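Results of the structural survey
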Amino acid sequence: MKYTPKIRIFGEASGVSEPFGRHFDALAREYGRVTVVNLIDKKKDQLMIGEAFERGCMEYNKAQNNVDFFWFDFHAECKKMHYENLEKLMDQTRACVARGEFFAYDLSRKEIQRLQTAVLRTNCIDCLDRTNVVQSLYAKHMLFSQLFGDDGEAVLAECFDGPVKHEIFTVFNGLWSDNADQMSLLYSSSRSLKTDFTRCRLAGNMTRSTGKRTARGAIDDGVNSVIRYFNNNFCDGYFEDCLNLAFARVEMGEAADRRVVKEKKCTFGSFLCVVMLPLSAVCYGLSCCVPDDYASSAFWTLLTLSTAAVGYLFVKKGTSFGRTFVSRAMLPLKE
C-alpha cells in the first residue's frame with residue numbers, strides 16, 4: 001500500500017541491451033535521429049533507473065551515434081511551482097528540435113517540400129503527467145513553426161492581436177488537455193495532473209515570467225492523486241484481469257481453473273474494520289482516562305494523531321500487513 005513503490009531493476013545490463021537497441025533502431029529507421037528528454041528525478045530510486053537509462057543511451061551511441069540525451073529533473077527544476085524553468089529545457093533542446101524539421105507537402109505542385117528527419121522521445125516514470133506538460137510545450141512550438149515558419153511564435157506575437165492569439169491558444173490548449181485527461185482516465189482511473197498549467201499557461205492566463213500554477217489546480221491534483229492511490233490498491237486487480245483477457249494473456253482450460261488465484265476477501269471495508277475501528281476504540285478508551293471536560297477533545301486529538309501515524313506507516317513506508325488489503329489479479333496467465 002506504499003504510495004511510491006520501490007523501484008527495482010532485475011537482471012544484468014547485458015540482458016536489456018538487445019531490446020534497448022532494437023527499440024532505438026526502430027525509432028531511427030522510422031524517424032531518423034532521436035532526441036531523448038528524460039524527466040525523472042535525480043535522487044533516490046528514480047536516480048538509479050535514470051542512470052541506467054543514460055548508460056544505455058551512451059552505450060548505444062558508441063555504435064550508432066544517433067541519440068541526443070537530455071536529463072531534466074522536472075520536479076527539482078519546477079519545485080514551488082516555478083514552471084517558468086521549463087524554458088531552460090526548451091533552450092537546451094531547441095537546436096535538436098529545429099534540426100528535426102517536419103513533413104510538408106505542397107498540394108498544388110504535388111511535391112514534398114520538407115521531410116521530418118528526427119523525433120523527440122520524452123519520458124518520466126509512467127510517461128503521463130510530467131511528460132504531458134513538456135510535450136505540450138514542444139507541440140505548441142512545432143505547431144506554430146508549421147503554421148508561421150521557423151520563428152512561428154515570434155510571428156504570432158507580432159502579427160496577431162490579443163483576441164486572435166487568445167483563441168488560438170485556447171483551441172490548442174483545450175484539445176491537448178482534454179486528450180491528456182482521457183488518456184489518464186484509461187491509464188490511471190483519474191484525470192491527468194498538472195493540466196491547469198497547460199490549460200492556463202497556453203491560454204495566456206499565466207505569464208512566461210511567473211509560470212505560476214493555480215491553487216485550484218494544486219487541489220485537483222491532490223484529489224486525483226488520492227483517487228489513483230485508492231483505485232490502485234483496492235480496485236486494480238479487476239482491471240488487470242480485464243487487460244489480461246483483452247490481450248489474450250489468460251490461460252484457459254481445466255488445468256488453468258485449478259490455478260486461479262484465491263484472492264483474500266480483504267477490501268477497503270476490511271481495512272476500515274481491521275485497522276481503523278480498533279484504533280478508534282483504543283483512542284476512546286484512552287480519552288476516558290482524562291477528566292470529562294477534556295474527554296471529547298482528547299479523543300479527537302488521539303484519533304487524528306493515530307490516523308496520521310497509520311497513514312504514514314501504510315502510505316509512506318508500506319508494510320507487509322498492507323499487502324493483505326491490496327486487490328490483485330486472479331486469473332492465471334500463460335507460462
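Residues numbered from 1 in each chain as written. Predicted model: local features only at pLDDT ≥ 70, side-chain atom pairs only at ≥ 80, totals over all residues. Heavy atoms only, no water.

You'll find the protein entered in an unreviewed UniProt entry as Phosphoinositide polyphosphatase (Sac family), with Blastocystis sp. subtype 1 given as the organism.

Let us look at the state of the cysteines. For the structure shown, the criterion picks out 0 disulfides. For Cys127, which is in no disulfide, the shortest distance to another cysteine sulfur is to Cys124 and amounts to 5.3 Å. We classify Cys127 as partly exposed; its relative accessible area is 42%. (Disulfide = S-S within 2.5 Å. Buried < 20%, exposed > 50% of the residue type's maximum accessible area, 1.4 Å probe, protein only.)

A complete count under the given rule lists 9 aromatic pairs for this structure. Ring centres of Phe20 and Phe24 lie 4.8 Å apart, and the angle between their planes is 35°; on these two criteria the pair is classed as tilted. You can see Phe20 and its partner Phe24 sitting in helix 1 (residues 13-31), 4 residues apart, about one turn around the helix. We classify Phe24 as buried; its relative accessible area is 1%. For the ring pair Phe74 and Tyr83, a centre distance of 5.7 Å and an interplane angle of 85° mean the geometry is edge-to-face. The class of Tyr83 is buried, set by a relative accessible area of 4%. An aromatic cluster is present here, built from Phe20, Phe24, Phe53, Tyr60 and Phe69 joined pairwise through their rings. (Phe/Tyr/Trp six-rings, centres within 6.5 Å; stacked < 30°, edge-to-face > 60°. Helix = DSSP H or I, 4+ residues; strand = E, 2+ residues; numbered from the N terminus.)

Attention shifts here to the pattern of salt bridges. Scanning all chains against the criterion turns up 12 salt bridges. Across the salt bridge formed by Arg109 and Asp106, the nearest N and O atoms sit 3.9 Å from each other. Relative accessible area serves as the criterion here: at 59%, Arg109 is assigned to the exposed category. Residues participating in the shared-partner salt-bridge network are Arg33, Asp68 and Arg99. (Salt bridge = Lys/Arg side-chain N within 4 Å of Asp/Glu carboxyl O.)

Residue-level pLDDT values for the protein average 80, and 78% of them are 70 or greater. Per-residue pLDDT stays below 50 along residues 202-211; that stretch engages in 29 contacts with residues further than four places along the chain or on separate chains. (pLDDT = per-residue confidence, 0-100. Contact = heavy atoms within 4.5 Å.)

Let's shift gears to the environment of Arg191. The residue Arg191 is located in the loop between helix 7 (162-188) and helix 8 (195-203) in this model. The class for Arg191 is partly exposed, based on a relative accessible area of 43%. Those residues in contact with Arg191 that lie beyond four places of it in its chain are Asp181, Gln182, Ser184, Leu185, Asn224 and Arg228.

Taken in spatial order, the 3 strands of this open sheet run 2-1-5, and their pairing is parallel. The sheet is open, and its two borders are formed by strand 2 (67-71) and strand 5 (118-123), each paired with just one other strand. In this sheet, neighbouring strand axes are inclined to one another by 15° on average, regardless of whether the strands run parallel or antiparallel. As defined by bridge partners, strand 1 (residues 33-38) adjoins strand 2 across 5 bridges and the pair is classed as parallel. What sits directly across from Val37, in strand 2, is Phe70. Sheet strands in contact with helix 5 (residues 129-148) are strand 1 and strand 5, and its direction is about 155° off that of strand 5. (Pairing = 2+ DSSP bridges. Axes fitted to C-alpha atoms, helices over the stretch in contact; angles between N-to-C directions.)

Here we come to the environment of Tyr83. Inspection of the secondary structure assignment puts Tyr83 in the loop between helix 3 (74-77) and helix 4 (86-100). Sequence spacing of Tyr83 and Phe197 is 114 residues, and the spatial spacing of their C-alpha atoms is 8.4 Å.

Let's shift gears to the nonpolar core. If you look at the biggest cluster of nonpolar residues, it comprises 31 residues, and the most contacted ones within it are Phe24, Leu39, Phe74 and Leu86. The set of elements that each furnish at least two residues to this core consists of helix 1, strand 1, helix 2 (44-63), strand 2, helix 4 and helix 5. Examining the composition of this core, we find that 5 residues originate from one element, helix 5, more than from any other. Contact partners of Phe74, with chain neighbours within four places excluded, come to Leu39, Tyr83, Leu86, Arg130, Val133, Val134 and Lys194. Counting 5 residues, the second largest nonpolar core, distinct from the first, contains Tyr229, Phe234, Phe325 and Val326. (Core = buried A, V, L, I, M, F, W, Y, C linked by side-chain atoms within 4.5 Å.)

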